[in-house]
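Survey of secondary and tertiary structure
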Amino acid sequence: MIGPLLLASLLAPARAGDAPATDREPLRYGAAIGFEGVVNDTFLHRNGARVGFNIAPAPWVELGAAAAYYPILGNGGADDLDWKPLAKRIFVENNVSPNISKLVWQVQLVGRVHAFQATLGGSWKGGFGVIAGGLLAGTQDDLIALQRDDESALATQDQVHAGPVVGVFWDARHQALTLRVRFEFDAYVETINSSELNLKKNGFLGAEAIWWFG
């Protein structure tokens, strides 16, 4: 009688110690694809596609890398598909040179924290969180808008900028699929005509689908 009781007492701590390991969330990683655009530029339409890769070491935190490309659809002037009506009006009617710099591509490294999560119904879960990280952005000055094609303008026409990115996100999750909407701000300083510094703040609204593995 004493033998079985002693054996049970020796095995009990081992089983208790094993429990946290079985409850631990596995590392997840996922691929993302989506579409986004700048919503606060008064002169330009800048829309494009985005692909990314995410790692989630815990249910409430993610690390992500993403790249986006925004195609240039015109060569400047009143017929440029990238120009908004305000840019066309002040350029054509008022002969004023709008300060137009087209965002061409962007690469991000960010962290995301899920601040709130809840069940939406059935097997769907949702929540929201915050985003913070850094980026590299490539831009191209519109020389038609600047009405400059001299050496100083050409020297800074194509640039690469570094800066911070912050934002918020909302998502809905069903098993391995996540549907996400993001709103982000990025900021960087660009040089125009080799002499003028301009602080650019882009506000992005984007949507993406993420497929999780692991």
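Now for a description of the structure that goes with this document. What you see is a predicted model, and the numbers here were worked out from it, not measured in a lab.

**Considering the pattern of salt bridges**
- One pass over the full model with this rule turns up 15 salt bridges.
- The salt bridge partner of E36 is R50, with a shortest N-O separation of 3.3 Å. Of the two residues, E36 sits in strand β1 (residues 28–38) while R50 sits in strand β2 (residues 47–58), which places them 14 residues apart along the sequence. Like R50, E36 is buried.
- With its nearest N and O atoms 3.1 Å apart, the salt bridge here joins K102 to D82. Note that K102 is positioned in strand β4 (residues 101–121) and D82 in the loop between β3 (61–69) and α2 (85–92), a separation of 20 residues in sequence. There is no split in this pair, since K102 and D82 are both buried.
- A single salt-bridge network, built from bridges that share partners, covers E36, R50, R182, E184 and E208.

**Things to note about the layout of surface pockets**
- A volume near 160 Å³ is recorded for the second largest pocket.
- Around the second largest pocket sit N40, D41, F43, L44, N99, I100, N198, L199, K200, K201 and N202, which together line it.
- Each residue belonging to the lining of the second largest pocket can be placed in one class, and the counts come to four nonpolar, four polar and three charged.

**Details of the packing of aromatic side chains**
- Tallied over the entire structure, the rule returns six aromatic pairs.
- In textbook terms, an aromatic cluster arises when at least three aromatic residues are bridged by ring pairs, as seen for Y29, F53 and F213.
- In this structure, R28 packs its charged tip against the face of W212, placed 4.4 Å from the ring centre.
- The positively charged end of R180 is found above the aromatic ring belonging to F169, 4.6 Å away from the centroid.

**Structural notes on the environment of N75**
- Along the chain, N75 turns up in the loop between β3 and α2.
- As for N75 and A145, which are separated by 70 residues in sequence, their C-alpha atoms are 9.7 Å apart.

Definitions and limits used
- Residues numbered from 1 in each chain as written.
- Predicted model: local features only at pLDDT ≥ 70, side-chain atom pairs only at ≥ 80, totals over all residues.
- Heavy atoms only, no water.
- Salt bridge = Lys/Arg side-chain N within 4 Å of Asp/Glu carboxyl O.
- Helix = DSSP H or I, 4+ residues; strand = E, 2+ residues; numbered from the N terminus.
- Buried < 20%, exposed > 50% of the residue type's maximum accessible area, 1.4 Å probe, protein only.
- 1 Å grid on protein atoms, 1.4 Å probe; cavity = no way out; pocket = protein on both sides within 12 Å on 5 of 7 lines; lining within 4 Å.
- Points joined across faces, edges and corners; volume = space filled by probe spheres on them.
- Nonpolar A, V, L, I, M, F, W, Y, C, P; charged D, E, K, R; others polar.
- Phe/Tyr/Trp six-rings, centres within 6.5 Å; stacked < 30°, edge-to-face > 60°.
- Lys NZ or Arg CZ within 6 Å of the ring centre and 35° of its normal.

Everything listed here is a matter of geometry and, on its own, says nothing about what the molecule does.
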